Amino acid sequence: MRNSCVGPVRMYRRARVGSRPCSFLLRVEALEDRHLLSFLPAINYRVGPEPYFMAADDFRGIGILDLAVPNHRGGTVSVLLGNGDGTFQGAVDYPAGPSPIFIVAGRFRRADIVDLAVSNDFAGTVTMLLGNGDGTFQKGTTFSVGQRSNGIAAADLDGDGKLDLVITDASNYDVKIFFGNGGGTFRAGQSYFTATFAGGVAVGDFRNAGLLDLAVINQGSDSVSVLLGNGDGTFQAPFSYHTGSAPTNITLGHFRSPDTLDIATANFSFGGPNGTVSVLLGNGDGTFQDAVNYDVDGNAHGVAVGDLRGIGITDLVVAGHSDNTVNVLLGNGDGTFQPATTYAVGSMSTSVVVGDFDGDGTPDLAVTNAGSNDVSVLINDGQWTPPPPAPPGIIPKVKEHQGLIDYIQNEPGAPFADIDTFFSHRNSVVLGAVDRRPAAAAAEMPLHRFSLQTADWRDRLEMDFINTVLSYERGTGVPCNACSWKPEPVERR
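Residues numbered from 1 in each chain as written. Predicted model: local features only at pLDDT ≥ 70, side-chain atom pairs only at ≥ 80, totals over all residues. Heavy atoms only, no water.

Novice: What should I look at first to understand the side chain of Asp 164 in this one?
Specialist: Mapped onto the elements, Asp 164 comes out in strand S14 (residues 164-169). Among buried Asp, Glu, Lys and Arg side chains, Asp 164 stands out as unpaired, with Arg 187 the closest opposite charge at 6.1 Å. Reaching out from Asp 164, the side chain makes a polar contact with the backbone nitrogen of Leu 157 at a distance of 2.8 Å. Setting aside its immediate chain neighbours within four residues, Asp 164 contacts Ala 153, Ala 154, Ala 155, Asp 156, Leu 157, Asp 158, Phe 178, Phe 179, Gly 180 and Phe 186. (Helix = DSSP H or I, 4+ residues; strand = E, 2+ residues; numbered from the N terminus. Buried < 20%, exposed > 50% of the residue type's maximum accessible area, 1.4 Å probe, protein only. Lys, Arg positive; Asp, Glu negative; His and termini not counted. Salt bridge = Lys/Arg side-chain N within 4 Å of Asp/Glu carboxyl O. Polar contact = N/O pair within 3.5 Å; in protein donor to acceptor, adjacent residues only side chain to side chain. Contact = heavy atoms within 4.5 Å.)

This is the structure in structure tokens:
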């Protein structure tokens, strides 16, 4: 295949001379710092009975994320103020309406004060908890929105500078618009039929046209309805796309390109032991490709996105309701995702949010657990590990395995990145690398990213240049000793 590498780095596939694999030298320079994804064990914080979908925002305006959790069986919203180090204060409960389920944080009155809007499932109402700016909230005010209010989102739909509400009605199978008056009150707009049991809703610009569009999941019809906005708070007729079985939540993200929004839904899959997450890649014109489903552990209930590794690639996080886990699906940057890795949380996880709770610049996770009535916080403990220096010259010969590799040599005069910096611990892979030097230094020696997949290095000493991301500062190629064949360059991804 054609070599598309930029700069001097070249990687070649191994080849055989006769019946024996050819030996070769691998010349490299020091690797950049890298981020291996891992989370500390979950710390659980008690909230009210049966917590559901959660919101995270800075309720005090001090640059620290806080959490707000509606308790479906308790009729309250639990507020947990963050300490800025990844820990949270004890929950303070505020009355909401009966069976609160979805919540959205927004600045409905002032740009410097966060308020909360809570949908009350079986009551068909929304409760507004207006913030005081210090992490406390005023007594809630409630207004009717329909028969069974479900998903809720906030955005300025008509461009008047005031936040509006989008609310789904699970019984009427529609999505309703409520225009903000700027003081935490609202007036009813138009309703749009979607499909059976309308649930979670997301707002985004699916056409890059500066107009906000809607995406609504329909749990009863295994679909997501897309309504394109006209820019004045009205919307075109919905167009539906198939998802996995029984979608429960929805999120948007840039899975391939920063210019195109994509959709992901968590699918509960009633009757099955495990659910799925559906990924619908956007075409940039308001239409979407057919869903691709990825398996997760447990019945998927909540879904969120974030760049968990800090490499500019969006990953998926899914609450695995029946399995007491949270699933992480690492993105490949091309709209596809790797198999799920699970982390233990509380009982019957229902939702997940991504945010930097300890202020270290890496995204952490918070998960609501309806069975154990708590919130699990998982701190991203991925380590930035600079490669250890070593004397220049030929590194001692690596154990040969079936003649695949004889020895490894670094560029003379340059510090060598120990071979273990190429790969993580046994049966794992390097997940990525990021240049964390000052901008001026980074500009002098830009990173070039290549794809690499390896089997267990210590046991088999064999490389397949395929998938897992690894980044180089620069390199000098991989010549082959005493070979009559011409090496095949590996295409840069």
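Novice: Is there a simple way to explain the sheet that holds strand S31 (residues 374-378) in this structure?
Specialist: The strands making up a sheet are joined through hydrogen bonds of the backbone, oriented either antiparallel or parallel. Read from one edge of the open sheet, four strands run S4-S31-S30-S29, paired in antiparallel fashion. Since the sheet does not close on itself, it has two edges, and those belong to strand S4 (43-46) and strand S29 (349-355), each with one partner. Strand-to-strand twist in this sheet, taken as the mean axis angle between neighbours without regard to direction, amounts to 25 degrees. Pairing between strand S30 (residues 364-369) and S31: five bridges, direction antiparallel. Residue pairing across strands places Leu 365 opposite Leu 378, the latter belonging to S31. (Pairing = 2+ DSSP bridges. Axes fitted to C-alpha atoms, helices over the stretch in contact; angles between N-to-C directions.)

Novice: Explanation requested: the sheet that holds strand S18 (residues 213-218) in the structure shown.
Specialist: What the four strands build is an open sheet, ordered S17-S18-S19-S20; its pairing is antiparallel. The open sheet has two edge strands, strand S17 (198-204) and strand S20 (239-242), and neither has a second partner. Adjacent strand axes in the sheet meet at a mean angle of 25 degrees when their direction is disregarded. The pairing of strand S19 (residues 223-227) with S20 spans four bridges and is antiparallel.

Novice: I tried to follow the confidence of the model for the protein on my own but got confused; where do I start?
Specialist: Low-pLDDT stretches of the model should not have their predicted coordinates read in fine detail. When pLDDT is averaged along the protein, the result is 76; 70% of the residues meet or exceed 70. Within the model, pLDDT remains below 50 along residues 1-34, and this stretch shows 143 contacts once partners closer than five positions in the same chain are excluded. Within the model, the stretch residues 384-493 combines pLDDT values under 50 with 286 contacts to residues more than four positions away or in other chains. (pLDDT = per-residue confidence, 0-100.)

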